[in-house]
Every structure is written in C-alpha cells, then in structure tokens.
Amino acid sequence: MIGTFRSRAAKLTLLAALCFPQVSTAGTTTGDFLEWDREAQDSFLQISLIMLQTVATQVRPEASKCLGDWYFSDDSNTKELHDEIILTMRDYTEFSPSAFVLGYVEGVCGQFSR
C-alpha cells in the first residue's frame, strides 16, 4: 500500500514538474530515448541517478539519503526501477530525458533546491 501511494505521489509530482515546458534544447527527447536499445537506456539512467545523488549531497542531503535508499541500496531491483521510470516516460515523450529523470526523482525524494 505504501509503495502504491508513493508511486502515485511520484507520478503526480512528476506531472507537476513537467507542466513547465522543458523541451530539450539539445534535440534529444524522451521519445528519442525510448527508441534507444535497452543497454543505452540503462546506462543513461544509471549515470543520471549517480549525478543526481552527487548533486543532492550538496544541495539537499535528505534527498541524497532518500535516493540512496531508493535506488542504490539494492542492486537486485535496478531493472525493476528502470522499467518503472521508462514506463512512466512513455507518457511524457516531448521532454529532455535529463529533466524527466530529475522530475521523477523529485517525485520520489522531494524537490531539490533551486
């Protein structure tokens, strides 16, 4: 039940974060990301989450702990977490993949300082 609530809360927060148009200026969108092979998607997500963890340690330590507990504490659920992110991404194909991942993580762990 808590997982379902958290998933719904994450999706609502992601939707709110994505209401502000953040169309990719580099030309790569989440729609493009969805066409990549799975190995490239997994690599991008892992690198993005490592970078967000690093940023969070400096701007919001409690988000860093949350991200560590959610993503980095158990390697056995990495595929499941990536599947969840990619599945949600299918509903938001016009955004920057990096902005999407940030919004998703903020949905799980709360907003980073801006």
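Residues numbered from 1 in each chain as written. Predicted model: local features only at pLDDT ≥ 70, side-chain atom pairs only at ≥ 80, totals over all residues. Heavy atoms only, no water.

1. Here we look at the overall build of the protein
Broken down by element type, the protein carries six helices and zero strands. Reading the protein from its N end, one meets helices and strands in the order α-α-α-α-α-α. Relative to its full complement of 114 residues, the protein shows a buried share of 41%. Sequence-distant contacts in the protein: of pairs separated by 6 or more residues, those separated by 24 or more amount to 70%. (Helix = DSSP H or I, 4+ residues; strand = E, 2+ residues; numbered from the N terminus. Buried < 20%, exposed > 50% of the residue type's maximum accessible area, 1.4 Å probe, protein only. Contact = heavy atoms within 4.5 Å.)

2. Brief notes about the confidence of the model for the protein
Close inspection of predicted coordinates is inappropriate in any region flagged by low pLDDT. Summing up the model confidence of the protein, the mean pLDDT is 83 and the portion of residues at 70 or higher is 76%. Considering each helix and strand of the protein separately, the mean pLDDT is smallest for helix H1 (residues 2-18), with a value of 53, and largest for helix H5 (residues 78-89), with 96. (pLDDT = per-residue confidence, 0-100.)

3. Regarding the nonpolar core
Of all hydrophobic cores here, the largest spans 24 residues; its most connected members are Leu-49, Leu-67, Trp-70 and Ile-85. For this core, the secondary-structure elements that each account for two or more residues are helix H3 (38-59), helix H4 (61-72), H5 and helix H6 (97-109). Here the element with the most residues in this core is H6; it accounts for six residues. Ignoring sequence-local partners within four residues, the contact set of Ile-85 consists of Leu-45, Leu-49, Trp-70, Phe-100 and Tyr-104. (Core = buried A, V, L, I, M, F, W, Y, C linked by side-chain atoms within 4.5 Å.)

4. Considerations on the packing of aromatic side chains
Applying the stated criterion across every chain, the model contains nine aromatic pairs. The interplanar angle of 55° and the centroid separation of 5.0 Å between the aromatic rings of Phe-33 and Trp-36 together place this pair among those described as tilted. Taking the relative accessible area as the measure of exposure, Phe-33 reaches 0% and is therefore buried. With relative accessibility at 32%, the residue Trp-36 sits in the partly exposed group. Where Trp-70 meets Tyr-71, the ring centres are 6.1 Å apart and the plane angle is 40°; that geometry is what we call tilted. (Phe/Tyr/Trp six-rings, centres within 6.5 Å; stacked < 30°, edge-to-face > 60°.)

5. Regarding the pattern of salt bridges
The full count for this structure, using the stated rule, is five salt bridges. In this structure, Asp-42 and Arg-38 form a salt bridge, with 2.7 Å as the shortest nitrogen-oxygen distance. A residue pair is termed a helical-turn pair when its members lie 3 or 4 positions apart in one helix, as Asp-42 and Arg-38 do in helix H3 at four residues. Classification of Arg-38 by relative accessible area gives partly exposed; the value is 31%. Overlapping salt bridges bring together Arg-38, Asp-42, Lys-79 and Asp-83 as one network. (Salt bridge = Lys/Arg side-chain N within 4 Å of Asp/Glu carboxyl O.)

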